[in-house]
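# Summary of structural features
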Amino acid sequence: MTTKAQDVALRWLRDRGGDGVFDRHGIALAQGDTAPVERKTWNALRDAGKIEFYGGVHDGGRGYGRLRVVGAK
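Right, let's walk through the structure included here. (Residues numbered from 1 in each chain as written. Predicted model: local features only at pLDDT ≥ 70, side-chain atom pairs only at ≥ 80, totals over all residues. Heavy atoms only, no water.)

Phi is positive for Gln31, which is not a glycine, with a value near 45 degrees. By the secondary structure assignment, Gln31 is in the loop between β2 (28-30) and β3 (33-34). You can call Gln31 exposed: its relative accessible area is 62%. (Helix = DSSP H or I, 4+ residues; strand = E, 2+ residues; numbered from the N terminus. Buried < 20%, exposed > 50% of the residue type's maximum accessible area, 1.4 Å probe, protein only.)

Applying the stated criterion to the full structure yields 5 salt bridges. One salt bridge connects Asp33 with Arg16, and the closest N-O pair in it is separated by 2.9 Å. Of this pair, Asp33 sits in strand β3 while Arg16 sits in the loop between α1 (4-14) and β1 (19-22), and the two are 17 residues apart along the sequence. With relative accessibility at 19%, the residue Arg16 sits in the buried group. Residue Glu52 is joined to Arg68 by a salt bridge in which the shortest nitrogen-to-oxygen separation is 2.4 Å. Placement of Glu52 in strand β4 (residues 51-54) and of Arg68 in strand β5 (residues 66-69) is noted, with a sequence separation of 16 residues between them. Residue class for Arg68 comes out partly exposed when judged on its relative accessible area of 29%. (Salt bridge = Lys/Arg side-chain N within 4 Å of Asp/Glu carboxyl O.)

With that out of the way, let us pick up α1. Each full turn of the α-helix corresponds to 3.6 residues, which orients residues three or four apart in the same direction. Listed in full, the buried residues belonging to α1 are Gln6, Ala9, Leu10, Trp12 and Leu13. All buried residues of α1 lie within an arc of 160 degrees about the axis, which places them on one face of the element. Here the buried face of α1 lies against β1, β2, β3, α2 (39-47), β4 and β5. (Arc of directions from axis to C-beta. Contact = heavy atoms within 4.5 Å.)

The next thing to look at is the packing of aromatic side chains. The full count for this structure, using the stated rule, is 2 aromatic pairs. Considering the side-chain rings of Trp12 and Trp42, the 6.2 Å spacing of their centres and the 55 degrees angle between planes classify their relative orientation as tilted. On the criterion of sequence distance, the pair formed by Trp12 in helix α1 and Trp42 in helix α2 is long-range, its members being 30 residues apart. Of the two residues, Trp12 and Trp42, both sit in the buried class. Across from the ring centre of Phe22, 4.0 Å away, lies the NZ or CZ of Arg39, which sits over that ring. Above the ring of Tyr54, the side-chain terminus of Arg68 is found at 3.8 Å from the ring centroid. (Phe/Tyr/Trp six-rings, centres within 6.5 Å; stacked < 30°, edge-to-face > 60°. Lys NZ or Arg CZ within 6 Å of the ring centre and 35° of its normal.)

It is worth spelling out the sheet that holds β1 at this point. If you walk across this open sheet you meet the 5 strands as β3-β2-β1-β5-β4, and the pairing is antiparallel. Edge positions in the sheet fall to β3 and β4, since each of these pairs with one other strand and no more. Of the pairings in the sheet, the one linking β1 to β5 comprises 3 bridges and is antiparallel in character. Looking at the pairing, Gly20 lines up with Leu67 of β5. Relative to β4, α2 is tilted by about 105 degrees, and along the sheet it contacts β1, β2, β4 and β5. (Pairing = 2+ DSSP bridges. Axes fitted to C-alpha atoms, helices over the stretch in contact; angles between N-to-C directions.)

See the structure below:
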C-alpha cells in the first residue's frame, strides 16, 4: 500500500518516461521537470520495490545517481 505522496511521485515519474536523475541536493529531475516530492518519498518507494536507484557514485560511477520505475522499459 502506498501513500498519497508516493502515488503522486510514481505518477510523476511514469509521466516523464519512468526514469530520472538526482541533483546534488537529492531532488529528482526528469525531462526538465523537478519532482514535487522529497527524497524520503523516493527512498520509501525504493524500499517498497516500486522504483530502483542505479548509477552514480554508489555503483562505482560518477554523479549523484538515477532512479527508474521497476519494470519500466
